[in-house]
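# Structural overview for review
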Amino acid sequence: MASSSAPNLEDVPSLDLMSELLRRMKCASRPDKRLILVGPPGSGKGTQSPIIKDEYCLCHLATGDMLRAAVAAKTPLGIKAKEAMDNGELVSDDLVVGIIDEAIKKPSCQKGFILDGFPRTVVQAQKLDEILEKQGIKVDKVLNFAIDDAILEERITGRWIHPSSGRTYHTKFAPPRVAGVDDVTGEPLIQRKDDTAAVLKSRLEAFHKQTEPVIDYYTKKGIVANLHAEKPPKEVTAEVEKTLSS
């Protein structure tokens, strides 16, 4: 018997049904992929992950979003996570891995997943391996968005935003017609706190210190692909496609 919360298919527009059916038929022929994306802020993970997700019919698992969803849904793990956060504590590795374990069993993750922002430590990587092994699966590839810190600094510290519209500019790559001013309204542009050189420096130091051991861990397993993330997005996409088809 169908769940009472499931939509009545008779009420779903035919075009939507056909689109979903065609998507599923396309997905059926795609190989399963279980991927981890690793890269510092501004390295292009956010640009590439939706492309990979759509091409291979994967679910995108960002641990921050998953934690918030588990807390909002009041799942047993979500309740425990909320208790930790309310007490000002870090959510334990076991809780985060448990939430990932729940997520990858969903139908949307049937063809595999993209993990973004996890694992951040070798202990987390080991715990992830353990839960995947119990399901008879493993991480297929770790995509390392390798990019020089100096290039990142140029990319990120050049970003300026028009707060009310969200329009973004870059002093080098997409400058406004008048420096510091929005093209449409003439209002002043601002720079986000996270986009300053000082904040970026501390974020990059933390990233390298935390993540390099994780990359080493997966390199020993022979599953790391180092991408040239300083290239234009279309070239990085082509590199990703080549890596995942090999």
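In what follows, the accompanying structure is described. None of the values given here were measured: they were computed from a predicted structure.

## Examining unusual backbone geometry
- With omega at 0°, the peptide bond leading from Phe118 into Pro119 counts as cis.
- Locating Pro119 in the fold gives a position in the loop between strand 3 (112-116) and helix 6 (122-134).
- Positive phi outside glycine occurs at Cys57, with the angle close to 60°.
- Checked against the element boundaries, Cys57 lands in the loop between helix 2 (45-56) and strand 2 (59-62).

## Regarding the side chain of Gln48
- Tracing the sequence through the fold places Gln48 in helix 2.
- Judged by relative accessible area, Gln48 falls into the buried class, the value being 2%.
- A distance of 2.7 Å separates the side chain of Gln48 from the side chain of Thr237, its partner in a polar contact.
- Sequence-distant contacts of Gln48, defined by excluding residues within four places in its chain, comprise Phe145, Pro233, Val236 and Thr237.

## Details of helix 2
- For helix 2, built from 12 residues, the straight-helix expectation of 16 Å at 1.5 Å per residue is met to within 8% by its first-to-last C-alpha distance of 16 Å.
- When helix 2 is considered as a whole, its buried residues turn out to be Lys45, Gln48, Ser49, Ile52 and Tyr56. Buried positions in helix 2, seen along its axis, are confined to an arc of 105° and lie on one side of it.
- Check the buried side of helix 2 and you find it contacts strand 1 (33-38), strand 2, strand 3, strand 4 (141-146) and helix 9 (233-245).
- Downstream of helix 2 by a residue or two, Cys57 has a phi angle that is positive, lying close to 60°.

## Notes on the state of the cysteines
- Using the criterion set out here, one finds two disulfides in the structure.
- Residue pairing for Cys59: its cysteine sulfur links by disulfide to Cys109, the two sulfurs lying 2.0 Å apart. One disulfide, between Cys59 and Cys109, carries an S-S torsion of 110° and so falls in the right-handed class. Note that Cys59 is positioned in strand 2 and Cys109 in the loop between helix 5 (93-103) and strand 3, a separation of 50 residues in sequence.
- Among the residues examined, Cys59 registers a relative accessible area of 7% and is labelled buried.
- Counting only the cysteines that take part in disulfides, in the order they occur along the protein, gives the pairing 1-2, 3-4.

## Details of the pairing of strand 7 (residues 224-228)
- Of the two faces of strand 7, the one lined by Ala225 and Leu227 is fully buried and the one lined by Val224, Asn226 and His228 carries no buried residue.
- Where strand 4 meets strand 7, five bridges bridge the pair, whose relative direction is parallel. Residue pairing for strand 7: Asn144 is matched across the bridge by Asn226.

## So, the nonpolar core
- Counting 34 residues, the largest nonpolar core has Ile36, Leu61, Ile100, Leu115, Leu128 and Tyr218 as its most contacted members.
- Within the residue set of this core, elements represented by two or more residues are strand 1, strand 2, helix 3 (63-73), helix 4 (76-86), helix 5, strand 3, helix 6 and helix 8 (197-219).
- In terms of residue count, helix 5 provides more of this core than any other element does, six residues in total.
- If we skip the residues at most four places from it in the chain, Leu128 touches Ile36, Val97, Ile100, Leu115, Phe118, Pro119, Val139 and Tyr218.
- Ranked by size, the runner-up nonpolar core spans 19 residues in total, among them Leu35, Leu200, Val236 and Leu244.

Basis of the calculations
Residues numbered from 1 in each chain as written. Predicted model: local features only at pLDDT ≥ 70, side-chain atom pairs only at ≥ 80, totals over all residues. Heavy atoms only, no water. Helix = DSSP H or I, 4+ residues; strand = E, 2+ residues; numbered from the N terminus. Buried < 20%, exposed > 50% of the residue type's maximum accessible area, 1.4 Å probe, protein only. Polar contact = N/O pair within 3.5 Å; in protein donor to acceptor, adjacent residues only side chain to side chain. Contact = heavy atoms within 4.5 Å. Expected span 1.5 Å × (residues − 1). Arc of directions from axis to C-beta. Disulfide = S-S within 2.5 Å. Pairing = 2+ DSSP bridges. Core = buried A, V, L, I, M, F, W, Y, C linked by side-chain atoms within 4.5 Å.

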